[in-house]
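# Observations on chain architecture
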2 protein chains.
Amino acid sequence: MLASKRSAGQKMSFEGKEYVIEELTEESFKGVEIALFSAGGSISKKYGPLAAAQGTIVVDNSSAFRMDEGVPLVVPEVNADAMSHIKLSNKKGALIANPNCSTIICLMAATPLHRHAKVKRMVVSTYQAASGAGAAAMAELELQTKEVLEGKEPTCNIFNRQYAFNLFSHNSPVTGNGYNEEEMKLVKETRKIWSDNDVKVTATCIRVPVMRAHAESINLQFETPLDEEKAREILSQAEGLIVIDDRAGNNFPTPLEVSKKDAVAVGRIRQDVSQEGNHGLDIFVCGDQIRKGAALNAVQIAELLL
Amino acid sequence: MLASKRSAGQKMSFEGKEYVIEELTEESFKGVEIALFSAGGSISKKYGPLAAAQGTIVVDNSSAFRMDEGVPLVVPEVNADAMSHIKLSNKKGALIANPNCSTIICLMAATPLHRHAKVKRMVVSTYQAASGAGAAAMAELELQTKEVLEGKEPTCNIFNRQYAFNLFSHNSPVTGNGYNEEEMKLVKETRKIWSDNDVKVTATCIRVPVMRAHAESINLQFETPLDEEKAREILSQAEGLIVIDDRAGNNFPTPLEVSKKDAVAVGRIRQDVSQEGNHGLDIFVCGDQIRKGAALNAVQIAELLL
């Protein structure tokens, strides 16, 4: 376990065994076969290539290398083949990027349908949890909620606005075309992961006062017709996905239900009434942003290597 | 002021004057020129036609008559002409329906653009507040939030699930095509209000833990090109609408900002990267569900009559 000097010496346990956190240095990766990086872009940019040059296969959770040519961007259930040339047995270092959380959760549900009927265009609206902005953001949402319930002014350190009982456009910087960075990740990463530069994606990313799982409303346009019964069958057989689609009971995926769970949940599977000839579907997905949206996906990549 | 027997005799004040609530009976509408109904579908169905037959113009806030042929469905800024044949001076009763809150808020922003470039298709995802389900739902969200913060089991009387720090598919019944009633209102009411049976609409309606204003992510496809600068100009001149679209400051509409305000706010105005030739736009709107989404719109209809 590696971290900054500040954390070095602290102990953490994993599967019942205690580990002492060591300081990350240029020497840290000697003899390390796989390293899981989750320390932000600047640390990744400095130590990722350095570790790879020393023979380590780096699975990086930041956005630093995601769009780099030659760096596979992998969701194991979706495009494991993109990293098939990287093998532990080769004893050669490499960088593998973990996609953005919203992209992973979206593609877990969209890919099985894409394989069957080819997605031409996708319109995504997200409902993103506090966890995506880190533990401090979760704590602030909790603190603000208490304050608002007590009639006090909410403490605004992380987001510069009231988050409790409110929602707002995703806090990532807005780029030149008016999309924020989070939205452009969905646009660009989807193309790379699907190896399909023609797929059209638009996204609107919104932060909602939910603790730790993201939800996404996804509208799909297919090249070939796909009816909802077939879609439900495909989704119910897809790896890493569970279907919650009880219309009579009005029971569909919720962030709370998938929190601290590995599987991504999909429901509200229905033929889009705005498209003709069964060329469209609407679905609603929820996935734990910390698990499948980040840590679990990285661990799955490591498992693929092993 | 009319209500059920249970409320009769209570006093309420309006603009500084105190009124005694009377019991609603079949005799209540004699000599009444305009009646604002907001008591649910079954009361509207019983007393609406009865009042109209006695010469009263009824502005009804329920869904009882919205899709009835011959009953205008009106958002004054959008289709005031639909009720132009109904005049107080005629001394003839009539029914006028107030649209669903999500539809009103959506069309406040979409209509000015529709007039300019004709909307062919619209994909809407909603972020709906507790207020849409009534005062008891707002109270339950508050109570549940307190309970969850104290580590207690949340009280679930209204929605049968945890609402605090969670979100879920809109609680209206799911219809045969898999859309819930709230979503089909957006589909059908848009066609009626725009007098355009060809416009394609799909919607996914989600309840979020926000108190009293709805937000909507709207993707638009136009018949003729419309660039975002022109769209911003059109929206900034539209009646009842304010544009909040500060990309550099990451400041866009939020439910909290429009709460207890009359105007609907629109922002995140950008050219849709998934459509070619400037034929698409993405926008994000927020509107107070109780004001423009319900009561204000009904009062505006009455003002039009006056």
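Residues numbered from 1 in each chain as written. Chains lettered and ligands numbered in written order. Predicted model: local features only at pLDDT ≥ 70, side-chain atom pairs only at ≥ 80, totals over all residues. Heavy atoms only, no water.

## Details of the sheet that holds strand S12 (residues 241–243) of chain A
Residues and elements named next belong to chain A. Taken in spatial order, the seven strands of this open sheet run S9-S10-S8-S11-S14-S13-S12, and their pairing is mixed. In the strand order of this sheet, the two ends are held by strand S9 (168–169) and S12, each with one partner. Where S12 lies against strand S13 (residues 264–271), three bridges are found, and the strand directions are parallel. When the sheet's bridge partners are listed, Val243 is paired in S13 with Val266. (Pairing = 2+ DSSP bridges. Helix = DSSP H or I, 4+ residues; strand = E, 2+ residues; numbered from the N terminus.)

## Some details on the layout of surface pockets
Residues and elements named next belong to chain A. Space inside the second largest pocket adds up to approximately 1,500 Å³. Around the second largest pocket, the lining is made up of 33 residues, and of these Met1, Leu2, Leu36, Phe37 and Ser38 lie nearest the centre. Counting residues per element, the ones that place at least two in the lining of the second largest pocket are strand S1 (2–3), strand S2 (11–14), strand S5 (34–37), helix H1 (41–53) and helix H8 (291–305). The element that contributes the greatest number of residues to the lining of the second largest pocket is H8, accounting for six residues. Counted by class, the lining of the second largest pocket contains 23 nonpolar, seven polar and three charged residues. (1 Å grid on protein atoms, 1.4 Å probe; cavity = no way out; pocket = protein on both sides within 12 Å on 5 of 7 lines; lining within 4 Å. Points joined across faces, edges and corners; volume = space filled by probe spheres on them. Nonpolar A, V, L, I, M, F, W, Y, C, P; charged D, E, K, R; others polar.)

## Details of the pairing of strand S14 (residues 280–288) of chain B
Residues and elements named next belong to chain B. For S14, a buried count of nine out of nine residues is recorded, marking the element as mostly surrounded by other parts of the structure. Pairing between strand S11 (residues 213–222) and S14: nine bridges, direction antiparallel. Bridge pairing links Ile218 to Ile283 in S14. Pairing geometry for strand S13 (residues 264–271) and S14, over five bridges, is antiparallel. The partner of Gln271 across the bridge, within S14, is Leu281. (Buried < 20%, exposed > 50% of the residue type's maximum accessible area, 1.4 Å probe, protein only.)

## Section: the UniProt feature "domain: Semialdehyde dehydrogenase NAD-binding" (unreviewed entry) in chain A
As recorded in UniProt, the feature "domain: Semialdehyde dehydrogenase NAD-binding" (unreviewed entry) lies at residues 1–86 of chain A. Structurally, residues 1–86 of chain A is divided into 20% helix and 23% strand, and its ends, taken at the C-alpha atoms, are 23 Å apart. (UniProt positions renumbered as here; feature names shortened; annotations may be inferred.)

## Regarding the relation of the copies chain B and chain A
Of the transformation placing chain B onto chain A, the axial shift is 0.0 Å and the rotation is 180°, giving an RMSD of 0.0 Å. Considering both components of the superposition, the chain copies are consistent with a two-fold axis. A symmetric contact is evident, with 100% of the interface residues of chain B recurring at the interface of chain A. (Least-squares fit on C-alpha atoms with pLDDT ≥ 70 in both. Contact = heavy atoms within 4.5 Å.)

## Here we look at the environment of Glu140(B)
All names here are of chain B. By the secondary structure assignment, Glu140 is in helix H4 (residues 135–149). In this structure the C-alpha to C-alpha distance between Glu140 and Ile290, which are 150 residues apart in sequence, comes to 18 Å. Apart from residues lying up to four places away in sequence, Glu140 is in contact with Thr155, Cys156, Asn157, Ile158 and Phe159. One polar contact links the side chain of Glu140 to the main-chain amide nitrogen of Ile158, over a distance of 2.9 Å. (Polar contact = N/O pair within 3.5 Å; in protein donor to acceptor, adjacent residues only side chain to side chain.)

## Focus on the packing of aromatic side chains
All told, the structure shown has 11 aromatic pairs over all chains when counted by the stated rule. Arranged with centres 5.2 Å apart and planes meeting at 55°, the rings of Phe159(A) and Phe168(A) form a pair that is tilted. Between Tyr127(B) and Phe284(B), the aromatic rings sit 5.9 Å apart at their centres with planes inclined by 80°, giving edge-to-face as the arrangement. Here Tyr127(B) is found in strand S8 (residues 119–128), whereas its partner Phe284(B) is found in strand S14, with 157 residues between them in sequence. One exposure class covers both Tyr127(B) and Phe284(B), and it is buried. Cluster of aromatic residues (ring-pair linked, three or more members): Tyr127(A), Phe284(A), Tyr127(B) and Phe284(B). In this arrangement the basic side chain of Arg268(A) is found over the ring face of Phe252(A), its NZ or CZ atom lying 5.2 Å from the centre. The cationic tip of Arg270(B) hangs over the ring face of Tyr179(A); the distance from NZ or CZ to the ring centre is 4.5 Å. (Phe/Tyr/Trp six-rings, centres within 6.5 Å; stacked < 30°, edge-to-face > 60°. Lys NZ or Arg CZ within 6 Å of the ring centre and 35° of its normal.)

## Regarding the side chain of Glu140(B)
Comment: no salt bridge for buried Glu140(B); closest opposite-charge side chain is Arg161(B), at 9.4 Å. From its side chain, Glu140(B) meets the backbone nitrogen of Asn157(B) in a polar contact 2.8 Å long. (Lys, Arg positive; Asp, Glu negative; His and termini not counted. Salt bridge = Lys/Arg side-chain N within 4 Å of Asp/Glu carboxyl O.)

## A few points about the interface of chain B and chain A
On the chain A side, the residues contacting the 62 residues of chain B number 62 residues. Counting across the chain B and chain A interface gives eight salt bridges. Here Glu183(B) ties to Arg268(A) by a salt bridge, and the two come within 2.6 Å at their closest N and O atoms. In the side of chain B that touches chain A, the residues fall into 25 nonpolar, 24 polar and 13 charged.

## Here's the deal with H1(A)
Residues and elements named next belong to chain A. Under the 1.5 Å per step criterion, the end-to-end length of H1 is 18 Å for 13 residues, consistent within 8% with the ideal 18 Å. At Tyr47, H1 is bent by approximately 30°, the largest bend along its length, and proline Pro49 sits one to four residues beyond. All of the buried residues along H1 are Ser44, Tyr47, Gly48, Ala51 and Ala52. Residues of H1 that are buried in the fold lie against S5, strand S6 (57–60) and strand S7 (94–97). Residue Gly55 follows H1 closely and has a positive phi angle near 100°. (Expected span 1.5 Å × (residues − 1). Bend = angle between axes of the 7 residues up to and from the residue.)

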